[in-house]
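So the chains spell out like this:
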Amino acid sequence: MAFSSLGLSGPLLQAVREQKYANPYPVQEQAIPAIISGKDILGISKTGSGKTAGYVLPILELFQTRASKGDRYVGALVIVPTRELAIQVNDVFKTFSKHLPQTIKTTAVFGGVSINPQMMAVRFTDVLIATPGRLLDLIENKAVHISRADILVLDEADKMLNLGFKEEMDKILALLPEKRQNILFSATLNNDVNDIQLQLLREPFKIEIIEEKTENSIEQIEQVAYNVPLEKKGPFLRYLIKSENMEQVLVFASAIRSADNIVGKLTKNGIQAAAFHGDLSQSARVENLRKFKNGNLRVLVATDLAARGIDIQGLPFVINFELPRSPKDYVHRIGRTGRAEAQGKAISLLCEDDQHHFKIIQKKMGKKVEIKESADINLQGF
Ligand code: AMP
C-alpha cells in the first residue's frame, strides 16, 4: 500500500515524500481513509506506531475544503495530556501543511507558562492543540471558542485519564458542537478509556495495532507443547510450575469460568494464584496485576480479552492451559515472555481436540514447535 492510494492530495503527498516516509504504517493505512470519509475513530496504538501522522494528514486533507471559522473560533481541537506532546503534534501539523495552497494555522497551548502570549497566539487558529487545563483557562478568558470545532481528537486518552483530567475533559466536551467527528487514540483500552469511548464515539471505525514480536524474536522464545489428556491438565500444570521452579508464570485460559477453575485448583494445592478477566471489578484486576508484577503472586490466570492491551512483558514463563482461537493471539500470548537477559519459555497443553488447531497455529507462525508426551511423566502427588 502506498501513501498515494489513501486519498491525500498532492501537496500533502509532497510533504510526506520530503519526510522520506516510504510507505504508510498500518495505523496510517487504516486511519487516513477512514478519517477522510468522516468516520469516528477508536485507535488503540502506542507512541511510535505513527498514529500522529495517522490523524494529522487526513485532518489537513479535510481542512482544504473548509472555510476558516473566524477570529477566535477554532475548527479542530486536539487534546493531549502533556506539553511535550502538544508541541510535538503541532510540529507534525506544520511539517505536513507547508505546501498547502491555503494556509492552515495551527497553535499549541499548554500550562506551566504564561497565558498572555497564548491569548494572542490563538487568534485565527484553525487547529488548536491543547492540554485540558490551559484550554479551559483560555476559554474562560474568551481568548478562544470551541463551539464550532467539529473535529475532536483525544490523543493518549489513557494517559489523560491517568493524570486525572476526566473532569476537565467533560467540561470541554460539553462546550463542543453536538455534530462533530471524534477521533480517540489510546495506547490501551482499559475500562476508563472504554467508558470515554462509549460516551464519545458513534459507530467508530476501530483500529488496533498490536505490537507483535517479530519473527526474529519469536526465535528467542523457547516453545514446547505437551500432549495432555483433558482430565490430567490440572495436575500437569502443577507439575510444570513446581518442577520448573516457576516463580512467576502467566497462564492463559480460554474463558472466564475456566480461569476461575484453574485459580481454585491451584490455590487448593497451595500454589498462590489469582485471576485476571472481565468478570472482575477494575480494582480487583489492578490489584491482582500489581501483586503479580511485584512478585507477590506466583500465578496469574488470564483470558485473552482481559490481557489484551495490558502491559505485562518480559515474563519468564507463559503457559497456554488452553489454546487461543486465533494464531495471532497465540503469538501475542507467547510474545510476553523473554527478558532482555534471559530466554522466555512458552508451554502449551494440548488435548486430543487441539491437534489440528495447533498445526494451523504453527503454520501461521512459520515455526514448528516440539511436541512432547506427558504420559511418561509421573503425576502422582501433583
Ligand atoms: P508517532 O507514533 O506518531 O509518535 O510516530 C513515531 C515516529 O515514526 C515519528 O518519528 C514519525 O516521524 C515516524 N513515522 C511516522 N510514520 C512513518 C512512516 N510511514 N514511515 C516512516 N516513519 C514514520
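To be clear, the structure that these remarks concern was listed above.
I will try to describe carefully the structure that is included in this document. In this text the structure is predicted, and so the values were computed from the model without any measurement.

Conventions used here
- Residues numbered from 1 in each chain as written.
- Predicted model: local features only at pLDDT ≥ 70, side-chain atom pairs only at ≥ 80, totals over all residues.
- Heavy atoms only, no water.
- Helix = DSSP H or I, 4+ residues; strand = E, 2+ residues; numbered from the N terminus.
- Buried < 20%, exposed > 50% of the residue type's maximum accessible area, 1.4 Å probe, protein only.
- Contact = heavy atoms within 4.5 Å.
- Areas by Shrake-Rupley, 256 points an atom, 1.4 Å probe, with all protein chains shown as cover.
- Lys, Arg positive; Asp, Glu negative; His and termini not counted.
- Charge placed at Lys NZ, Arg CZ, Asp CG, Glu CD.
- Phe/Tyr/Trp six-rings, centres within 6.5 Å; stacked < 30°, edge-to-face > 60°.
- Lys NZ or Arg CZ within 6 Å of the ring centre and 35° of its normal.
- Pairing = 2+ DSSP bridges.
- Axes fitted to C-alpha atoms, helices over the stretch in contact; angles between N-to-C directions.
- Salt bridge = Lys/Arg side-chain N within 4 Å of Asp/Glu carboxyl O.
- Near = heavy atom within 4 Å.
- Polar contact = N/O pair within 3.5 Å; in protein donor to acceptor, adjacent residues only side chain to side chain.

1. Quick notes on the overall build of the protein chain
Phase 1: Helices and strands together make up the secondary structure of the protein chain, namely 16 helices and 14 strands.
Phase 2: If you line up the protein chain on its principal axes, its C-alpha atoms span 80 × 40 × 35 Å.
Phase 3: The buried share of the protein chain, reckoned over its 382 residues, is 52%.
Phase 4: Counting contacts in the protein chain only where the partners sit at least 6 residues apart, residues at least 24 apart contribute 73% of the total.
Phase 5: Of the accessible surface of the protein chain, which amounts to about 18,100 Å², a share of 49% is contributed by carbon and sulfur atoms.
Phase 6: Between the centroid of the 49 positive side chains of the protein chain and the centroid of its 44 negative side chains there is a distance of 1 Å.

2. Regarding the packing of aromatic side chains
Phase 1: In the structure shown here, the tally under the stated rule is seven aromatic pairs.
Phase 2: With centroids separated by 5.6 Å and ring planes inclined at 35°, the aromatic side chains of Phe236 and Tyr239 adopt a geometry described as tilted. Of the two residues, Phe236 and Tyr239 are both situated in helix H11 (residues 233-243); the distance of three residues between them amounts to about one turn of the helix. The pair formed by Phe236 and Tyr239 is uniform in burial state, with each residue classed as buried.
Phase 3: One aromatic cluster in this structure is built from Tyr226, Phe236, Tyr239 and Phe382.
Phase 4: Lying over the aromatic face of Phe63, Arg66 brings its terminal NZ or CZ to 5.2 Å of the ring centre.
Phase 5: A cation over a ring is seen here: Arg148 above Tyr73, with NZ or CZ 3.6 Å from the ring centre.

3. Focus: the sheet that holds strand S11 (residues 299-303)
Phase 1: Taken in spatial order, the seven strands line up as S10-S11-S9-S12-S13-S8-S14 in an open sheet, and their pairing is parallel. Only two strands of the sheet have a single neighbouring strand rather than two, namely strand S10 (273-276) and strand S14 (370-373). Across the sheet, the axes of successive neighbouring strands diverge by a mean angle of 25°, strand direction being ignored.
Phase 2: Pairing of strand S8 (residues 221-227) with strand S13 (residues 344-350), which is carried by seven bridges, proceeds in the parallel orientation.

4. Topic: the side chain of Arg285
Phase 1: Following the sequence through the fold, Arg285 ends up in helix H13 (residues 282-294).
Phase 2: Despite its burial, Arg285 pairs with no opposite charge, the nearest such side chain being Asp192 at 8.9 Å.
Phase 3: Excluding its chain neighbours within four sequence positions, the residues that come into contact with Arg285 are Asn191, Phe276, His277, Gly278, Leu280 and Ala306.

5. Remarks on the site of the ligand
Phase 1: Close contacts around the ligand come from Phe3, Tyr21, Asn23, Pro24, Tyr25, Gln28, Thr47, Gly48, Ser49, Gly50, Lys51 and Thr52, and that covers them all.
Phase 2: Measuring from a nitrogen atom of the ligand, one finds a backbone N or O atom of Asn23 at 2.8 Å.
Phase 3: Contact between the ligand and Gly50: an oxygen atom at 2.7 Å from a main-chain N or O atom of the residue.
Phase 4: Alone, the ligand offers 500 Å² of accessible surface; in the complex the protein occludes 71% of this.

6. Considering the environment of Tyr226
Phase 1: Inspection of the secondary structure assignment puts Tyr226 in strand S8.
Phase 2: Judged by relative accessible area, Tyr226 falls into the buried class, the value being 8%.
Phase 3: Taking the C-alpha atoms as reference, Tyr226 lies 41 Å from Ala31; in sequence the two are 195 residues apart.
Phase 4: Ignoring sequence-local partners within four residues, the contact set of Tyr226 consists of Phe236, Leu240, Ile347, Ser348, Leu349, Leu350, Lys372, Glu373 and Ile377.

7. Overview of the pattern of salt bridges
Any two side chains of opposite charge can pair, on the condition that their charged atoms come close.
Phase 1: One pass over the structure, following the stated rule, counts twelve salt bridges.
Phase 2: Here Arg134 ties to Asp137 by a salt bridge, and the two come within 4.0 Å at their closest N and O atoms. In this pair, Arg134 and Asp137 are both assigned in helix H6 (residues 132-140), three residues apart and thus about one turn of the helix distant.
Phase 3: Overall, Arg134 belongs to the buried group, its relative accessible area being 10%.

8. Notes on the sheet that holds strand S3 (residues 106-109)
Phase 1: Read across the sheet, seven strands follow the order S3-S4-S2-S5-S6-S1-S7 without closing on themselves; strand pairing throughout is parallel. Looking at strand neighbours, the two that pair on one side only are S3 and strand S7 (205-208), the edges of this open sheet. In this sheet, adjacent strand axes meet at a mean angle of 10° when their direction is disregarded.
Phase 2: Bridge count between strand S1 (residues 41-44) and strand S6 (residues 181-186): four bridges; the pairing is parallel. The partner of Ile44 across the bridge, within S6, is Ser186.
Phase 3: Relative to the sheet, helix H9 (residues 191-200) contacts S1, strand S5 (151-154) and S6, its axis offset from that of S6 by approximately 170°.

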